[in-house]
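Breakdown of the fold
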Amino acid sequence: SRAVKDGIGLYPLTAEDTVKTLKDLYVMSLPPKLDMSLLRNRRAAAANNLPEDKFVRTRLCVALTLENLGTLRGKGASLDLLTEAIRFLSGTAATDPSFLVRQAVVLAGKGLINAVGELYDPASLLMFFEKELKAPADKALTEDEQDYRHECLVILLGTTGKYLKKDIDTLTSIVKMLV
């Protein structure tokens, strides 16, 4: 992950393509979704010999690499690029079937926000989190995946809140949303 970060630092024009490639690699390394409706219940699903997920490490590395982009702050990584990484982490990556990857994704999102929170105005991230939390449930996601995504969004919203100007209206709206 450091090599990719250093490469973007040396060649900032490659940043967008690199992040797009990382996102594609992540998506390609996801295991195929199983149709749980074909199984009678969750116990049957757990008892079923599900294939081993051989690409967990790949997805962990992508999350760590995206987190490390935050250290570039203006040296190859624009706010738009970092925001795109946070959106990916709180969307597709937050619904990963692996608990370890989901933990790494949340930590990566928090790391990115903490790295850029004081340098950039977090209002655009706040608006994104508000919109996503208020949006209707995505029918393509299972109930568990929706819960994972919502959990990630709430954690990242709380992390973003640390960098907002301390005005009462903004804090009140965040607290209302979290409750």
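Each remark here, short or long, concerns the structure printed above.
Rules behind the numbers
Residues numbered from 1 in each chain as written. Predicted model: local features only at pLDDT ≥ 70, side-chain atom pairs only at ≥ 80, totals over all residues. Heavy atoms only, no water. Helix = DSSP H or I, 4+ residues; strand = E, 2+ residues; numbered from the N terminus. Contact = heavy atoms within 4.5 Å. Areas by Shrake-Rupley, 256 points an atom, 1.4 Å probe, with all protein chains shown as cover. 1 Å grid on protein atoms, 1.4 Å probe; cavity = no way out; pocket = protein on both sides within 12 Å on 5 of 7 lines; lining within 4 Å. Points joined across faces, edges and corners; volume = space filled by probe spheres on them. Axes fitted to C-alpha atoms, helices over the stretch in contact; angles between N-to-C directions. Parallel < 35°, antiparallel > 145°, perpendicular 65-115°, else oblique. Nonpolar A, V, L, I, M, F, W, Y, C, P; charged D, E, K, R; others polar.

**Some points on the overall build of the chain**
Counting its regular elements, the chain contains nine helices and zero strands. In sequence order, the chain lays out its α and β elements as α-α-α-α-α-α-α-α-α. Considering only contacts within the chain whose residues lie at least 6 apart along the sequence, 77% involve residues at least 24 apart. Counting only carbon and sulfur atoms, one obtains 57% of the accessible surface of the chain, whose full area is about 11,200 Å².

**A look at empty space enclosed by the protein**
Counted according to the given criterion, the structure contains one cavity of 30 Å³ or more. Taken as a whole, the largest cavity holds about 50 Å³ of empty space.

**Quick word on the packing of helix H5 (residues 79–90) against helix H8 (residues 143–161)**
As a packed pair, H5 and H8 sit with axes 9 Å apart at the nearest point and diverge in direction by 140°. As far as their axial angle goes, H8 and H5 are oblique. Two secondary-structure elements touch here, H5 through Ile86, Leu89 and Ser90 and H8 through Arg149, Cys152, Leu153 and Leu156. For the contact of H5 with H8, the per-class residue count stands at five nonpolar, one polar and one charged.

**A closer look at the layout of surface pockets**
As a volume, the second largest pocket reaches approximately 220 Å³. Taken together, Glu132, Leu133, Ala135, Pro136, Ala137, Asp138, Leu141, Gln146, Arg149, His150 and Leu153 make up the lining of the second largest pocket. Tallying contributions element by element places H8 first for the lining of the second largest pocket, with four residues. Classifying every residue of the lining of the second largest pocket gives six nonpolar, two polar and three charged.

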